[in-house]
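One-letter residues, chain by chain:
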Amino acid sequence: MNRQINLSASWLNIMGDEFEKPYMTKLRQFLVTEKKNGKTLFPPGNQIFYALNRTPFNKVKVVILGQDPYHGGGQAHGLCFSVQPTVAAPPSLLNIYKEMETDLGLVPPSHGCLSSWADQGVLMLNSVLTVEAHKAGSHRGRGWEKFTDRVIRELESHRENLVFILWGGYARKKGNFIDRKKHLVIESPHPSPLSSYRGFFGSRPFSLSNTYLEETGQAPIKWKLPEVAKL
């Protein structure tokens, strides 16, 4: 079965056995049935594991946890909070840009693609990796949460001095087993317009991440995004 999985060797060597578990078989059958029934799923099949494929296991420095993919047409491409280069940045991402500008003085780009962060070791992982078009949260409880819990546990256990950025109650709960003595955990309300003013603004996650990375002998993240986005 592993040969059919669009997952890089970096992660497949660690996570390969997860695909043999009963819940994953049921999840795969669910996705196949949904597509046979004519439902549109996001992101495209070849981008479901894009976050993992773009950021190898041993290159991860920062983990940003999201919930599930954007459900609008052409938005999701496998990185949480990120959209494809030709799509306007959604409200939560605009708030992330506002905080980045306040925190670091960086002027936001005209796009919403965060791939350049992924290339530097920022793993932008949604808890649920697929969604039905125009139905937010439609694939929750189908098994993806178990898979992404395993991703976090592998990183937590086998890496040191990572930064985990947990925005909102959902992400905090998902990361409640992370050892704070071994890693830096940055928590704040979610950047959505509904909660951003309750403590997301002013939380300074970007500068705090870089300070910790430098203190632990790692290169900081260049958070400034290129003006022209590339997937």
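Undergrad: When you look at the pairing of strand β2 (residues 62–66) in this model, what are you seeing that I'm missing?
TA: Where a strand is regular, its side chains alternate between the two sheet faces. In terms of burial, β2 is a largely internal element, five of the five residues being buried. Side chains V62, I64 and G66 of β2 all project onto a buried face; the interleaved residues V63 and L65 project onto the opposite face, where all are buried too. The sheet contact formed by β2 and strand β3 (residues 122–126) spans five bridges and is parallel. Bridging from a neighbouring strand, V63 pairs with L123 of β3. Both β2 and strand β5 (residues 163–167) contribute to a ladder of four bridges, which runs parallel. Opposite V63, over in β5, you have F164 as the bridge partner.

Undergrad: How should I be thinking about the pattern of salt bridges in this particular structure?
TA: Oppositely charged side chains may form a pair once their charged atoms are brought near each other. Within this structure, the stated rule accounts for 12 salt bridges. Between R54 and D119 there is a salt bridge whose closest N-O contact spans 2.5 Å. Note that R54 is positioned in helix α3 (residues 50–54) and D119 in helix α5 (residues 115–119), a separation of 65 residues in sequence. With a shortest N-O distance of 3.6 Å, E132 and K135 are connected by a salt bridge.

Undergrad: Is there a simple way to think about unusual backbone geometry in this case?
TA: One can expect most non-glycine residues to show negative phi and most peptide bonds to be in trans. Cis geometry marks the peptide bond from F42 to P43, where omega comes out at -5°. Along the chain, P43 falls in the loop between β1 (41–42) and α3. The phi angle at F81 is positive, at roughly 70°, despite the residue not being glycine. Structurally, F81 can be placed in the loop between β2 and α4 (91–104).

Undergrad: Even after reading the chapter, I still don't get helix α8 (residues 205–215), so can you show me in this structure?
TA: An α-helix turns once per 3.6 residues; consequently, residues spaced three or four apart project the same way. Here α8 has its buried residues at P205, F206, S207, S209, N210, Y212 and L213. With its phi angle positive at about 80°, G217 sits one or two positions after the end of α8.

Undergrad: Quick question: what am I supposed to make of the packing of helix α2 (residues 22–36) against helix α6 (residues 144–158) here?
TA: Helix-helix packing is characterised by the crossing angle of the two axes and by the distance between the axes. One way to put it is that α2 packs onto α6 with a least axis distance of 9 Å and a crossing angle of 130°. Relative to α6, α2 is oriented oblique. Here α2 contributes Y23, M24, L27 and L31 to the contact with α6, which in turn contributes W144, K146 and F147. Looking at the contact of α2 with α6 residue by residue, the class counts come to six nonpolar, no polar and one charged.

Undergrad: Would you take a moment to explain the nonpolar core for this structure?
TA: General note: in soluble globular proteins, nonpolar side chains tend to be found buried as a group. Of all hydrophobic cores here, the largest spans 70 residues; its most connected members are W11, F49, W117, L123, W144, F147 and L155. Contact partners of W117, with chain neighbours within four places excluded, come to I96, M100, V122, M124, F206, K222, W223 and L225.

Undergrad: Mind showing me how you'd approach the side chain of H111 here?
TA: Among the secondary structure elements, H111 is positioned in the loop between α4 and α5. The class of H111 is buried, set by a relative accessible area of 5%. Of the polar contacts made by the side chain of H111, one reaches the backbone nitrogen of C113; its length is 3.1 Å. Apart from residues lying up to four places away in sequence, H111 is in contact with P85, Y97, L225, P226, E227, V228 and A229.

Undergrad: How do you make sense of the side chain of H139 when you look at a structure like this?
TA: Relative to the helices and strands, H139 resides in the loop between β4 (131–132) and α6. Taking relative accessible area as the criterion, H139 reaches 1% and is therefore assigned buried. Within the structure, H139 has its side chain in polar contact with the side chain of T130 (distance 2.7 Å). Other than its neighbours up to four places away in sequence, H139 contacts F30, L31, E34, L41, V128, T130, V131 and E132.

Procedures and definitions
- For every chain, the first residue of the written sequence is number 1, and numbering continues from 1 onward in sequence order.
- In view of the model being predicted, local features appear only for residues whose pLDDT reaches at least 70, and side-chain atom pairs are presented and counted only at 80 or more, with totals across whole chains, interfaces and linings using the full set of residues.
- Calculated side-chain values reflect all of the structure's heavy atoms, with hydrogen atoms and water omitted.
- Each residue gets one of three labels from its accessible area relative to the maximum for its type: buried under 20%, exposed over 50%, partly exposed in between, using a 1.4 Å probe on protein chains only.
- Counting from the N terminus, the helices are DSSP H or I runs at least four residues long and the strands are E runs at least two residues long.
- Any two strands with at least two DSSP-identified bridges between them are counted as paired.
- One side-chain nitrogen of Lys or Arg within 4 Å of one carboxyl oxygen of Asp or Glu is enough to make a salt bridge.
- Axis geometry follows a simple rule: fit a line to the C-alpha atoms, using only the stretch in contact for helices, then measure angles between N-to-C directions, giving values from 0 to 180 degrees.
- When an angle is under 35 degrees it counts as roughly parallel; over 145 it counts as roughly antiparallel; between 65 and 115 it counts as roughly perpendicular; any other value is oblique.
- A contact between two residues is defined here by any heavy atoms of the two lying within 4.5 Å.
- Ten residue types, Ala, Val, Leu, Ile, Met, Phe, Trp, Tyr, Cys and Pro, are classed as nonpolar, four, Asp, Glu, Lys and Arg, as charged, and the remainder, Gly among them, as polar.
- The criterion is simple. A nonpolar core is a set of buried Ala, Val, Leu, Ile, Met, Phe, Trp, Tyr and Cys residues joined through side-chain atoms within 4.5 Å.
- Contacts described as polar in this section are N or O atom pairs within 3.5 Å, which, within protein, must combine one atom able to donate a hydrogen with one able to accept it, while residues neighboring in sequence count only if both atoms come from side chains.

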